[in-house]
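Now for the letters of each chain:
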Amino acid sequence: MRRMKILMQMLLAIILGCVAGFMLQGSEGGAAAGVVREVGFVGRLFMRMLKMLIVPLVLSSVIASIGSLGGMSGFGRMGARTVGLYLLSTFAAASVGLLMVNLIQPGFVNGQPNEQIRKVFEVVGEEAPKAQQDRFSDSQQNLAADWHQLFEKMVPSNVIEAATDNGQLLGLIVFSIALGLAMMKLPGEKGRSLQEVVSGFHEAMVMMTSWVMKLAPIGVFCLLVPIVAKTGGEVFQQLGKYMLTVFLALFVHFTVILPLFLKTIGRLSPWQHFLAMREALVMAFATASSAATLPVTMRCVRDKAHVSKEVTSFTLPLGATVNMDGTALYECVAVLFVAQVMGVSMEWGAQVIVVLVALMTSIGVAGIPSASLVAILLILKSSNIPNAEVAVLALLAVDRPLDMLRTAVNVYGDSCVAAMVGQADKKRALEEARS
Ligand code: ASP
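What counts, and where the lines are drawn
- Residues numbered from 1 in each chain as written.
- Predicted model: local features only at pLDDT ≥ 70, side-chain atom pairs only at ≥ 80, totals over all residues.
- Heavy atoms only, no water.
- Near = heavy atom within 4 Å.
- Polar contact = N/O pair within 3.5 Å; in protein donor to acceptor, adjacent residues only side chain to side chain.
- Areas by Shrake-Rupley, 256 points an atom, 1.4 Å probe, with all protein chains shown as cover.
- 1 Å grid on protein atoms, 1.4 Å probe; cavity = no way out; pocket = protein on both sides within 12 Å on 5 of 7 lines; lining within 4 Å.
- Sits in = over half its atoms within 2 Å of the grid points.
- Helix = DSSP H or I, 4+ residues; strand = E, 2+ residues; numbered from the N terminus.
- Phe/Tyr/Trp six-rings, centres within 6.5 Å; stacked < 30°, edge-to-face > 60°.
- Buried < 20%, exposed > 50% of the residue type's maximum accessible area, 1.4 Å probe, protein only.
- Lys NZ or Arg CZ within 6 Å of the ring centre and 35° of its normal.
- Axes fitted to C-alpha atoms, helices over the stretch in contact; angles between N-to-C directions.
- Parallel < 35°, antiparallel > 145°, perpendicular 65-115°, else oblique.
- Left-handed = near helix turned anticlockwise from the far one by under 90°.
- Contact = heavy atoms within 4.5 Å.
- Nonpolar A, V, L, I, M, F, W, Y, C, P; charged D, E, K, R; others polar.

Surrounding the ligand, one finds 16 residues, the nearest of these being S290, T327, D403, R406 and N410. Note that an oxygen atom of the ligand is positioned 3.3 Å from one of the backbone N or O atoms of G367. T407 places a polar side-chain atom, nitrogen or oxygen, 3.1 Å from a nitrogen atom of the ligand. Relative to its free-state accessible area of 270 Å², the ligand is covered by the protein chains to the extent of 100%. Of all the cavities here, the one that holds the ligand is the second largest cavity. Here the shell around the ligand takes four residues from helix 21 (residues 399–434), the largest share from any one element.

So, on to the packing of aromatic side chains. Summed over the entire model, instances satisfying the criterion amount to seven aromatic pairs. With 6.4 Å between their ring centres and 50° between their planes, Y242 and Y330 make a pair best called tilted. A residue pair is termed long-range when its members are at least 10 positions apart, and Y242 in helix 12 (residues 240–264) and Y330 in helix 17 (residues 325–341) qualify at 88 residues. For Y330, a relative accessible area of 0% corresponds to the buried category. When the centroid spacing of 6.2 Å and the interplanar angle of 85° are considered together, the rings of F254 and F274 count as edge-to-face. Placement of the pair is F254 in helix 12 and F274 in helix 13 (residues 270–276), with a sequence separation of 20 residues. An aromatic cluster is defined as three or more aromatic residues linked by ring pairs; in this entry it consists of F121, Y242, Y330 and F337. In this structure, R406 is placed above the aromatic ring of Y330, and the distance from its NZ or CZ to the ring centre is 4.2 Å.

Let us look at the packing of helix 17 against helix 18 (residues 348–364). A packed helix pair is summarised by two numbers, namely the angle formed by the two axes and the spacing between the axes. Relative orientation of the contacting elements helix 17 and helix 18 amounts to 140°, with a least axis distance of 9 Å. Comparing their axes, helix 18 and helix 17 come out oblique. Considering how the two elements wind past one another, helix 17 and helix 18 form a crossing that is right-handed. Residues T327, A328, E331, C332, V335 and L336 of helix 17 lie in contact with helix 18, whose contacting residues are Q351, V354, V355, V357, A358, T361 and S362. Its residues assigned to classes, the contact of helix 17 with helix 18 comprises eight nonpolar, four polar and one charged.

The following block contains the structure:
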């Protein structure tokens, strides 16, 4: 009942945040701008609280889950299933994106490249405010753009540095897995008591998450007001068809593909799973960051979808970093859209390569706002599509609402895989108990 109340409050916060944001739109100076600034400040504080939980939560949950998995074989089995399902769902998402962008063809008008959008790219891209360009180059540092960089992220030379790598948790996760395995191998009481300490620490982090969640309605409201207040303008109209394509593709993945996976592979009720995940979805939508949402995702999957602590603690931190269905889908739509506008024809072979590259780069994209635009730039450049920079800066101008939606799909994808792995684990435990 109480949690239901929080959810309702969060939904109300979204509505009120949008209304207040609209009312404050275009407030360049004066009192209204001051209000937007201060409200934004509270939103940022809330975001910092969520982020503050990430590192200790990931560290303690991964170590604790390795401990309770009972050795290398348990860990290997779960790891293989998790990675397999992550790859499958991301591949499906990217394919949905590809299909939709070919069906709707947002970059064409009467079968020809849309000249007007090309002009919008040039104008918006070249005039993109410095703040946007800075945000863009900030996220550039977080992308693991090729296999070498991905492996370098996995093997950090300094674990403290890895922990501060904004939204990119791979290094921290690999270190935690190794530490968890080492703890298990320690002889005698030492290993066990260390495990207990980490487990207790993890429970404390879960409790801190529930405290932060009490502030969620205020946080959601304060995050949304400045976003809506600063949004708007002609670019949104010009790129409307493109935004609609992204929206429809995300919608299909969210309402058809993932539920199908849940039903057929997991033998789970998609509706029940959706109900369990609502708080995390709202949070993902408001923060546009799967890393910042991770504490809430873990709470929902464990407490409401009733997936075991071990599975939740391992699959979700990994998923928040490497599994991004919405992002892979978005990358495909964006790249093909820009190619359409620029009049670069892409045969099916080239499109399949875009799907594969989107799959790979989505693994390296950090779970922070607008991180995937760097990956899009990379794919555009490697496909020799002209004016890639200005096009991506124009996409950045309309990115926030799309980012909010794809982050929700990213988080939902992680949670579906966690639920399916959890179900397989329960089944195996039952069979073992019977035999
Ligand atoms: N904002 C997304 C996330 O955190 C990443 C992206 O697609 O930009 O999951």
